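Below, each chain spelled out in residue letters.
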Amino acid sequence: MVIVGAGRAGWQLAEGLRAQDVTLPITLVSACNADVYDKPLLSVAMVRQLAPEQLVKERGTDAARRLNVRLLAATHAIHIDSATRSLRTTRGVLRYDALVLAHGAEVALPPELPAALCWRVNHLGAYQRLRARLGEAAACGAKDVAKDVLIVGAGLIGSELANDLALGGHRVTLIDTQQEPLARWSAQQAGAQLLEAWQSLPLRFVGGVSVASVKKQGERLVLSTRCGKQLEADHIIVATGLQTPSRLARSAALAWDKGIAVDPQTLCTSDAHIHALGDCITVQGQASRFIEPIARQVKTLVANLCGQGVVPYAQRAAVVRVKTSSLPLTLH
Ligand SMILES: Cc1cc2nc3c(=O)[nH]c(=O)nc-3n(C[C@H](O)[C@H](O)[C@H](O)COP(=O)(O)OP(=O)(O)OC[C@H]3O[C@@H](n4cnc5c(N)ncnc54)[C@H](O)[C@@H]3O)c2cc1C
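The rules behind the values
Residues numbered from 1 in each chain as written. Predicted model: local features only at pLDDT ≥ 70, side-chain atom pairs only at ≥ 80, totals over all residues. Helix = DSSP H or I, 4+ residues; strand = E, 2+ residues; numbered from the N terminus. Rg over C-alpha atoms; globule rule 2.2 N^0.38 Å. Buried ≥ 20, exposed ≤ 12 C-beta atoms within 10 Å, placed from the backbone. Contact = placed C-beta atoms within 7 Å. Pairing = 2+ DSSP bridges. Axes fitted to C-alpha atoms, helices over the stretch in contact; angles between N-to-C directions. Near = placed C-beta within 6 Å. Nonpolar A, V, L, I, M, F, W, Y, C, P; charged D, E, K, R; others polar. Domains from an automatic or database assignment.

Q: Just checking my understanding: could you explain the overall build of the protein for this structure?
A: Per the secondary structure count, the protein includes 7 helices and 23 strands. Relative to the 2.2 N^0.38 estimate, which gives 20 Å for 332 residues, the radius of gyration of the protein is 21 Å and therefore close to what a compact globule would have. With respect to the principal axes defined by its C-alpha atoms, the protein has extents near 55 × 40 × 30 Å. Looking at the protein as a whole, 39% of its 332 residues qualify as buried. Within the protein, counting contacts between residues at least 6 apart in sequence, those at least 24 apart form 63% of the total.

Q: Mind showing me how you'd approach the sheet that holds strand E16 (residues 230–233) here?
A: Through backbone hydrogen bonds, the strands of a sheet pair up, either in parallel or in antiparallel fashion. Strand order in the open sheet formed by 3 strands is E14-E15-E16, and the pairing between neighbours is antiparallel. Only two strands of the sheet have a single neighbouring strand rather than two, namely strand E14 (211–217) and E16. Strand-to-strand twist across the sheet, computed as the mean angle between neighbouring axes with direction ignored, equals 20 degrees. Here strand E15 (residues 220–225) pairs with E16 via 4 bridges, running antiparallel. By the bridge assignment for E16, Ser224 is matched with Gln230.

Q: Honestly, the site of the ligand in this entry has me stumped. Any pointers?
A: Around the ligand, the structure places 30 residues, and the nearest of them are Gly5, Gly7, Gly104, Gly278 and Phe290. Of the residues contributing to the shell around the ligand, the split by class is 14 nonpolar, 10 polar and 6 charged. Residue contributions to the shell around the ligand reach at least three from each of two domains, namely domain 1 (2–105 + 244–318) and domain 2 (107–241).

Q: Would you take a moment to explain the pairing of strand E7 (residues 86–89) for this structure?
A: In the case of a regular strand, side chains alternate between the two sheet surfaces. Bridge count for strand E6 (residues 77–81) against E7 is 4 bridges, and the pairing is antiparallel. Bridge pairing in E7 links Asp81 to Ser86. Joining the antiparallel neighbours E6 and E7 is a turn of 4 residues, in which Arg85 adopts a positive phi near 45 degrees. Note that E7 and strand E8 (residues 92–95) share 4 bridges and pair antiparallel. Looking at E8, one finds that Ser86 is bridged to Arg95. Hairpin connection of E7 to E8: 2 residues between the antiparallel strands.

Q: I would appreciate a short explanation of the domain arrangement of the protein in the present structure.
A: Interface size is often expressed as the accessible area that is lost when the parts come together. Partitioning the protein into domains gives domain 1 (2–105 + 244–318) and domain 2 (107–241). Summarising the inter-unit geometry, the C-alpha centres of domain 1 and domain 2 are found 30 Å apart. In this complex, domain 1 contributes 11 residues to the contact, which on the side of domain 2 involves 15 residues.

Q: Would you take a moment to explain the sheet that holds strand E12 (residues 171–175) for this structure?
A: If you trace the 4 strands from one edge of the open sheet to the other, you get E13-E12-E11-E17, paired in parallel fashion. Since the sheet does not close on itself, it has two edges, and those belong to strand E13 (203–206) and strand E17 (235–238), each with one partner. Taken over all neighbouring pairs, the strand axes of this sheet differ in orientation by 20 degrees on average, direction set aside. Across 4 bridges, the pairing between E12 and E13 is parallel. By the bridge assignment, Ile175 is partnered in E13 with Val206. Those strands touched by helix H4 (residues 156–167) are strand E11 (148–152), E12, E13 and E17, and its axis lies near 165 degrees from that of E12.

The following block contains the structure:
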């Protein structure tokens with residue numbers, strides 16, 4: 001059994017499989033260092049006064065030992081040869097009987113935003129590097145170390161990060177093409193309520209703008225909007241939504257529908273020997289990039305892979321709990 005990805009989905013599947021079968025050989029391949037952590041904490045860590053290193057719940061190497069899993073950390077899966085059932089990685093080729101893709105999604109970076117100048121907060125490693133650059137002292141009231149942070153995209157992640165960094169003492173500008181944050185939930189007045197709650201924070205929302213370019217000017221960054229505004233910052237964070245990288249799926253010619261298309265009965269892809277779960281999958285073209293579905297997907301997969309019959313996975317509309325601590329919201 002080869003699993004690609006050591007996020008919530010990959011580790012939880014390894015736990016589930018090991019609980020059913022103590023002898024099954026499991027190899028886990030992960031681009032990151034595979035440390036176990038709760039990703040939702042990345043957007044509330046400042047207000048909860050969690051230092052970046054405190055976010056690690058268990059070292060990847062310790063989890064691998066505990067579960068008797070062969071871990072290949074800092075290893076990228078790059079190509080699947082489905083005819084020979086082999087996975088090419090940056091550390092050699094692995095043969096598999098069953099392959100499970102749990103490689104998550106990545107921030108969809110608009111072309112106007114150069115990757116080298118923008119942070120993307122979708123993994124612990126990137127978040128730890130960002131926190132190191134932001135410094136820790138702002139929350140203690142040392143105004144001279146507060147940074148100007150510009151966040152592009154006022155959806156869930158952008159709004160939560162803006163809230164957290166502002167409460168951490170940084171000066172935050174949050175921008176969006178829409179006129180208010182959380183515009184998907186405008187019928188529930190989510191954005192209006194948030195803007196009200198943010199009034200006392202060093203947090204400015206600029207709506208109705210789209211990015212034209214980002215340039216470095218000395219130590220600072222200058223973001224220009226299409227309507228001619230210029231916004232300066234020390235750091236730019238992009239939170240413009242997620243997309244599943246298609247390279248691995250394409251290499252095996254897997255059916256694709258805005259993500260890796262899986263059968264909800266089994267979470268099997270269009271290749272009988274390849275399954276998938278977590279942020280990288282879609283069911284009937286719908287992704288559900290939340291924590292809650294992963295445990296149910298693991299049940300479906302464990303039943304299927306351990307020959308215990310069919311335990312179908314049901315895609316449900318998520319109840320979204322927005323962790324903007326100045327005004328937590330529950331949205332439907
Ligand atoms: C800031 C933030 C806050 C969030 N808050 C919430 C919340 O409050 N509630 C909620 O339900 N959800 C929340 N989410 C979403 C939730 O965290 C994700 O849905 C979930 O963690 C996805 O897990 P995953 O294992 O599918 O993907 P990931 O956690 O992205 O893991 C993917 C793994 O695959 C590895 N990988 C990627 N490509 C390759 C490759 N080519 N080869 C090998 N390995 C590879 C990566 O290194 C990583 O280990 C939040 C997300 C963020 C970013």
